[in-house]
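Summary of structural features
Chain by chain, the residues run as shown.
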Amino acid sequence: MRIAVTGTGYVGLVSGVCLAHVGHEVICVDNVPERVAAVNEGAPPFHEPGLSELLSSGLHEGRLRASTNLAAAVAASEVILIAVGTPSADGHIDLGAVEAAAREVGQSLAGCAEYKVVAVKSTVVPGTTDTLVRGILEQAAGKPAGAFGLCMNPEFLREGEAVRDFLNPDRIVIGQWDANSGAQLARIYESFNCPKIFTGLRNAELTKYASNALLATLISFSNEMAGLCEATPGTDIAEVLAALVLDRRWSPVVDGARVRPEILTYLRAGCGFGGSCLPKDVAALRGFARERGVPTRLLEAVLEVNALRPAAIVAQIEEALGNLQGSRIAILGVSFKPGTDDLRESPALTILRLLADAGVKVRAYDPVVKTFAGAAGPTLCASLEEALDGADAAVVVTPWPEIVAADWRVLAPRMRNRVIVDARNGLDAAALPDGIRYLGIGRGRRPWRGDELGKSGTQGN
Ligand code: UDX
């Protein structure tokens, strides 16, 4: 099919490139000419494993191109995907780019006799597609929805796994204005072998938010339990969660073997969730609920627990070193998770700021992020070794494989004090050489104020 995708961010560009890969003719549209030029040259504007290869083959085989001309792309296409950004503004979603895209698409639809489907792929709060977007499209096109198709088709891809997630989806959710809209949109996914859920536009919109809110809830639950463990000598969150997930309702036994659903990886204590989706989407859902007078105490708590994590990590470093002022600390990993160069809402940025405020001399290293590009931060070192030279502590913030598998026999002697704070519990503590003081997350270490356990002293490090 002929497809136009507007927006060349993670969702837009990955969708466009992957849809071209499965055989469609795709035009990716963006209003930033430099971005369009980069895409046409085969250079994705962000780091995403596998994307550059598929982009190059799409361009080479002539099924993919980028353009700044949305009107022409709409005129040439049967399906138009709106995949522009929906940033957060004061806890509410900013729909400015969606509105602008809808207006331009609508204007172009006015001159088209052919039936076309417009699908919103951007993450938008329930009601956006059938009120705001439909209204703009109908007014600009001069015809009602039905004369053109209208869908809401959320995207569930993860950064770092985006190409794989898009090409092997768990499900495809198609919110439809009418059955014809959904049927036409589904044609672009004909070769995808997964459940396709046809539902209402608002259900599709809410499914995306509810999915991300649940992931965030699991992470904050784990972190709250970790905090409790830290105040309770003799406990270890990793052991508690490992036993918890063996409940068959979490890890069923299928054909005699234990199945470990991937979702369980979100039940893991760390320095909190970040990225372009989880923090923004939970805040937007809370804002949406507030506007309707619906209490969302759980979402409030999920965000609150998350906001406390960087300070908890800094407190742990301070406890380990006794005094932060003047100390030298190596921050290992700064992207919000491994596999991406995305710094948006990365817990590392907050940890770096708190350490700088406390008078710490910080050096940071990340295998992929080589500049803070506007965000405040220390100079990024070229290697793990450089970051660790003379350090009083190493703090593992992003568990990149290179960092998790680092050889501490070689690295530790470069440090002034051999302290490792593992803010993700990603290292194999048992495999570390002697002489390193290792502190993970959620291990009982603080005295339990005044009671019997406290008298037994701290333990578990
Ligand atoms: C998320 C959703 O997973 C995806 O479905 C949605 O489309 C966009 O938002 P992403 O932002 O790429 O994707 O991040 P994700 O891999 O889910 O990680 C989010 C946060 O959870 C990160 O801070 C990460 O460190 C943490 N995380 C991730 C875990 O704690 N455990 C994991 O196994 C994966």
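Data block above holds the structure.
Read on for a plain summary of the structure.

What counts as what
Residues numbered from 1 in each chain as written. Predicted model: local features only at pLDDT ≥ 70, side-chain atom pairs only at ≥ 80, totals over all residues. Heavy atoms only, no water. Near = heavy atom within 4 Å. Polar contact = N/O pair within 3.5 Å; in protein donor to acceptor, adjacent residues only side chain to side chain. 1 Å grid on protein atoms, 1.4 Å probe; cavity = no way out; pocket = protein on both sides within 12 Å on 5 of 7 lines; lining within 4 Å. Sits in = over half its atoms within 2 Å of the grid points. Helix = DSSP H or I, 4+ residues; strand = E, 2+ residues; numbered from the N terminus. Points joined across faces, edges and corners; volume = space filled by probe spheres on them. Nonpolar A, V, L, I, M, F, W, Y, C, P; charged D, E, K, R; others polar.

Considering the site of the ligand
- Taken together, 18 residues sit near the ligand, with Glu159, Thr265, Tyr266, Lys337 and Arg424 positioned nearest.
- Within the contact set of the ligand, an oxygen atom lies 2.9 Å away from a backbone nitrogen or oxygen of Leu157.
- Within the side chain of Lys337, one N or O atom sits 2.6 Å away from an oxygen atom of the ligand.
- If you map the ligand onto the pockets, it falls in the largest pocket.
- Ranked by residues supplied to the shell around the ligand, first place goes to helix H9 (residues 201-230) with 4 residues.

Examining the layout of surface pockets
- If you add up the space inside the largest pocket, you get close to 1,500 Å³.
- In this structure, the largest pocket is lined by 49 residues; those nearest its centre are Arg158, Leu215, Thr265, Tyr266 and Lys337.
- Among the elements of the structure, helix H7 (162-167), strand E9 (172-176) and H9 are those that each provide at least two residues to the lining of the largest pocket.
- Considering each element in turn, the lining of the largest pocket owes the most residues, 6 residues, to H9.
- When the residues that make up the lining of the largest pocket are grouped by side-chain class, the tally is 21 nonpolar, 14 polar and 14 charged.
- The calculated volume of the second largest pocket comes to roughly 1,100 Å³.
- Along the wall of the second largest pocket there are 48 residues; nearest its centre are Gly9, Tyr10, Val84, Gly85 and Arg344.
- Those elements that provide at least two residues to the lining of the second largest pocket are helix H1 (10-21), helix H5 (96-110) and helix H11 (278-291).
- The biggest single contributor to the lining of the second largest pocket is H5, with 4 residues.
- Taken together, the residues of the lining of the second largest pocket break down into 20 nonpolar, 14 polar and 14 charged.

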